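# Examination of the molecular architecture
The lines below spell out each chain.
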Amino acid sequence: MTKTSTNKFPGFDPKAFLFLEALTNNQNRIWFAEHRSEYEDFVREPMKSFADALSASLAAKEVPLWGDPKRSLYRINRDARFSKAKHPYNMHASGLFTRTGDKHSSGVLYFRLDPLGSRVAAGYMQPEPPVLKKLRQGILDNPKAWLSLEKSLKRKGYELDYSHTLARIPRGFDEVPVELEKALKLKGWIIRKQLPRNIVCSNTLIKEVTAFAVDLLPLLSFGWHALEKYAG
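Here is a short report on the structure shown in this document. (Residues numbered from 1 in each chain as written. Predicted model: local features only at pLDDT ≥ 70, side-chain atom pairs only at ≥ 80, totals over all residues. Heavy atoms only, no water.)

### Here we look at the sheet that holds strand β3 (residues 118–124)
Basically, it comes down to this: Following DSSP output, two strands are said to pair if at least two bridges run between them. Only DSSP runs of H or I with at least four residues qualify as helices, and only runs of E with at least two residues qualify as strands; both kinds are numbered from the N terminus onward. The axes are straight lines fitted to the C-alpha atoms, using for helices just the contacting stretch, and the angles between their N-to-C directions are given from 0 to 180°.
The sheet built from four strands is open, its strands ordered β1-β2-β3-β4 with antiparallel pairing. Whereas interior strands pair on both sides, the edge strands pair on one side only; in this sheet they are β1 (93–97) and β4 (189–195). Averaged over all pairs of adjacent strands, the angle between strand axes in this sheet comes to 15 degrees, irrespective of strand direction.

### Structural notes on the packing of helix α3 (residues 36–60) against helix α8 (residues 205–229)
As a reminder of what qualifies: Note on terminology: angles under 35 degrees are roughly parallel, angles over 145 are roughly antiparallel, angles of 65 to 115 are roughly perpendicular, and the others are oblique. Take the far helix as your reference; a near helix turned counterclockwise from it by less than a right angle gives a left-handed crossing, and one turned clockwise gives a right-handed crossing. The contact rule is simple, with two residues in contact once any of their heavy atoms fall within 4.5 Å.
For the pair α3 and α8, interaxial distance at closest approach is 10 Å and the crossing angle is 50 degrees. When the axes of α3 and α8 are compared, the pair comes out oblique. The chirality of how α3 crosses α8 is right-handed. On the side of α3, the interface is formed by Phe50, Ala53, Leu54, Ser57 and Leu58, while α8 contributes Leu205, Ile206, Val209, Thr210 and Ala213.

### Let's talk about the packing of aromatic side chains
To be explicit about the condition: Within 6.5 Å between ring centres, the rings of Phe, Tyr and Trp (the latter by its six-membered ring) count as paired, and their orientation is classed by plane angle as stacked under 30 degrees, edge-to-face over 60, tilted in between. Any Lys NZ or Arg CZ found within 6 Å of a ring centre and within 35 degrees of that ring's normal is scored as a charge over the ring.
Summed over all chains, the structure comprises 16 aromatic pairs. In this structure, Lys182 is placed above the aromatic ring of Tyr162, and the distance from its NZ or CZ to the ring centre is 4.3 Å.

### Details of the packing of helix α1 (residues 15–24) against α3
Cut-off, in case you're wondering: Nonpolar residues are Ala, Val, Leu, Ile, Met, Phe, Trp, Tyr, Cys and Pro. Charged residues are Asp, Glu, Lys and Arg, and all others, Gly as well, are polar.
Two numbers describe how α1 lies on α3: the axes approach to 8 Å, and their chain directions differ by 130 degrees. Regarding the angle of α1 to α3, the classification is oblique. Judged by the sense of rotation from one axis to the other, the crossing of α1 with α3 is left-handed. Taking contact as the criterion, the partners of Lys15, Ala16, Phe19 and Leu20 in α1 are, on α3, Glu38, Tyr39, Phe42 and Val43. Of the residues belonging to the contact of α1 with α3, the class tally is six nonpolar, no polar and two charged.

### With respect to unusual backbone geometry
We count it as follows: A simple rule labels every residue: compare its accessible area, found with a 1.4 Å probe on the protein chains alone, to the largest value its type can have, and call it buried under 20%, exposed over 50%, or partly exposed in between.
With a phi angle near 60 degrees, Glu62 is a residue other than glycine that sits in the positive phi range. One can find Glu62 in the loop between α3 and β1. With relative accessibility at 68%, the residue Glu62 sits in the exposed group. Although it is not a glycine, Glu175 adopts a positive phi angle of roughly 55 degrees. Tracing the chain through its elements places Glu175 in the loop between α5 (143–155) and α6 (178–184).

### What to know about α1
Inclusion rule: As used here, the arc is the angular range of directions from the helix axis to the C-beta atoms.
Every buried residue of α1 is listed here: Ala16, Phe17, Phe19, Leu20 and Leu23. Projected down its long axis, α1 shows its buried positions confined to an angular sector of 160 degrees, all on one face. Of the surrounding secondary structure, the elements contacted by the buried residues of α1 are α2 (29–34), α3, β1, β2 (108–113), β3 and α7 (197–200).

### Let's talk about the pattern of salt bridges
Just so we agree on the cut-off: The term salt bridge refers to a pairing of a side-chain nitrogen on Lys or Arg with a carboxyl oxygen on Asp or Glu at a separation within 4 Å.
By the definition in use, this model includes 10 salt bridges. With a closest N to O distance of 3.4 Å, Arg197 and Glu21 form a salt bridge. Of this pair, Arg197 sits in helix α7 while Glu21 sits in helix α1, and the two are 176 residues apart along the sequence. For Arg197, a relative accessible area of 38% puts it in the partly exposed group. Its salt-bridge partner being Arg71, residue Asp68 comes within 3.7 Å of it at the nearest N-O pair. A relative accessible area of 37% means that Arg71 is categorised as partly exposed.

Everything listed here is a matter of geometry and, on its own, says nothing about what the molecule does.
Dropping the structure here:
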């Protein structure tokens, strides 16, 4: 992990948003080739610097997440083979911060630079069925800790996204207490926070995202404990 000082990241240049907005209306390879230097100067390279600076800030706060500029950031090119939307480029820039520094680890911090609304998120996003089963078992094994965690998060102004849930209690889970039914139906644990453009373009961005990660560390840790307990 690169030890970059958080003071070296001044925030994103507003031109990053101008480029992404223009890209939205120019989804063709000829236009992108003509404007590639803008992408590199205002989006790609700043995202790499952001990844290094945030990783250093998280380490200073003892949050075990970090990002590798080569492995943690998503490409601007889309894989449209299995999508109805065939535009070739993403109209935003994003990356994941994990315990391993790449995108293939459970329990993540996500950052998205987006002209339609930048945001940060944390949790267990679209986990594979074996991972989700362990997370659910963790809730059942520690009901008081889970309920306390949810209350603590609410006091800080955070709530889990309950828009993606099962209609019924998942198979294999019997005699679920009523107060845990809602949580057991979740398809993932996700909490998001919108980031105003004036924050994204300022030197307070790293501080804001780090504070969010510190607040969400108990949720991530709850999941990591469950995954480690049922690793066999």
